[in-house]
Amino acid sequence: MSAEQEASEVRIKALLAGKQVDGGFGRFGLGNQRTLEEYVAWSHTNLGEWGDYLRLHKLSPAITQASSDDFPGSNVEFCRSLQRRPVRDVNALLKSATTM
């Protein structure tokens, strides 16, 4: 794996764990419409280090993973049951999508 790929892997793991990295995430960060906590609670997805958070909020992962190193699988019926959640600022979201 190249140094660039390794740095990218460190950044994505930190991002999904809710941690910061030197230099930040730039335009590849989470944005400001929803928090990572809001996404985890909505999706019931353990993004690697969110098992305790899900348990604390009495949520069960809707999509299981074989081990903590695996990516979650898929649960089509659960995904279809998810309700849309409002964003913080619709106009800002639209503007950010057209300026990328």
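Our subject is the structure listed above.
All values derive from a computational prediction rather than experimental measurement.

Trainee: Is there a simple way to explain the overall build of the protein chain in this structure?
Mentor: Across its full length, the protein chain carries 5 helices and 0 strands. Along the protein chain, helices (α) and strands (β) appear in the sequence α-α-α-α-α when read from the amino end.

Trainee: Help me understand helix 2 (residues 36–43) in this model?
Mentor: Helical geometry note: an α-helix holds 3.6 residues per turn, so side chains three or four residues apart project in the same direction. Those residues of helix 2 lying buried are Leu36, Val40 and Ser43. Along the long axis of helix 2, the arc covered by the buried residues comes to 85°, so they all point the same way. Just downstream of helix 2, His44 is the residue with a positive phi angle, here 55°.

Trainee: Would you explain the packing of aromatic side chains in this entry?
Mentor: Between two aromatic rings, the relevant description is the distance of the centres plus the angle of the planes. Applying the stated criterion across every chain, the model contains 2 aromatic pairs. With a centroid separation of 5.8 Å and 50° between ring planes, the pair formed by Tyr39 and Trp42 is classed as tilted. One end of the pair, Tyr39, and the other, Trp42, are both in helix 2, 3 residues apart, so they sit about a helical turn from each other. The class of Trp42 is partly exposed, set by a relative accessible area of 27%. Centre to centre, the rings of Trp50 and Tyr53 are 5.2 Å apart; their planes meet at 85°, and the pair counts as edge-to-face.

Trainee: I keep staring at the nonpolar core and nothing clicks. Help me out?
Mentor: Considering soluble globular proteins, one finds that nonpolar side chains tend to be buried as a cluster. Within the largest apolar cluster, 5 residues are counted, these being Leu36, Val40, Trp50, Leu54 and Leu59. When neighbours within four sequence positions are excluded, Leu59 is seen to be in contact with Ala41, His44 and Leu54.

Trainee: Just to check I follow, could you spell out unusual backbone geometry for this structure?
Mentor: Both trends apply: most residues other than glycine have a negative phi, and most peptide bonds are in trans. Positioned with a positive phi, His44 is a non-glycine residue whose angle comes to about 55°. Phi angles above zero are rare outside glycine, and Lys58 is one such case at about 55°. Its location among the elements puts Lys58 in the loop between helix 3 (51–56) and helix 4 (76–81). By relative accessible area, which is 76% here, Lys58 ends up exposed.

Trainee: Teacher, can you tell me more about the side chain of Thr45 here?
Mentor: If you trace the backbone, Thr45 turns up in the loop between helix 2 and helix 3. At 3.1 Å, the side chain of Thr45 and the side chain of Ser43 are in polar contact.

Trainee: Please clarify how the pattern of salt bridges should be interpreted in this entry.
Mentor: Between side chains of opposite charge, a pair can form as their charged atoms come close. Taken as a whole, this structure holds 4 salt bridges when the rule is applied. Note that Lys13 and Glu9 form a salt bridge whose closest N and O atoms lie 3.1 Å from each other. Of the two residues, Lys13 and Glu9 are both situated in helix 1 (residues 3–17); the distance of 4 residues between them amounts to about one turn of the helix. For Arg80, the salt bridge identified is with Glu77, shortest N-O distance 3.2 Å. Residue Arg80 and its partner Glu77 are located together in helix 4, separated by 3 residues, close to a single helical turn. As far as burial versus exposure is concerned, Arg80 and Glu77 are alike and both exposed.

Cut-offs and rules
- Residues numbered from 1 in each chain as written.
- Predicted model: local features only at pLDDT ≥ 70, side-chain atom pairs only at ≥ 80, totals over all residues.
- Heavy atoms only, no water.
- Helix = DSSP H or I, 4+ residues; strand = E, 2+ residues; numbered from the N terminus.
- Buried < 20%, exposed > 50% of the residue type's maximum accessible area, 1.4 Å probe, protein only.
- Arc of directions from axis to C-beta.
- Phe/Tyr/Trp six-rings, centres within 6.5 Å; stacked < 30°, edge-to-face > 60°.
- Core = buried A, V, L, I, M, F, W, Y, C linked by side-chain atoms within 4.5 Å.
- Contact = heavy atoms within 4.5 Å.
- Polar contact = N/O pair within 3.5 Å; in protein donor to acceptor, adjacent residues only side chain to side chain.
- Salt bridge = Lys/Arg side-chain N within 4 Å of Asp/Glu carboxyl O.

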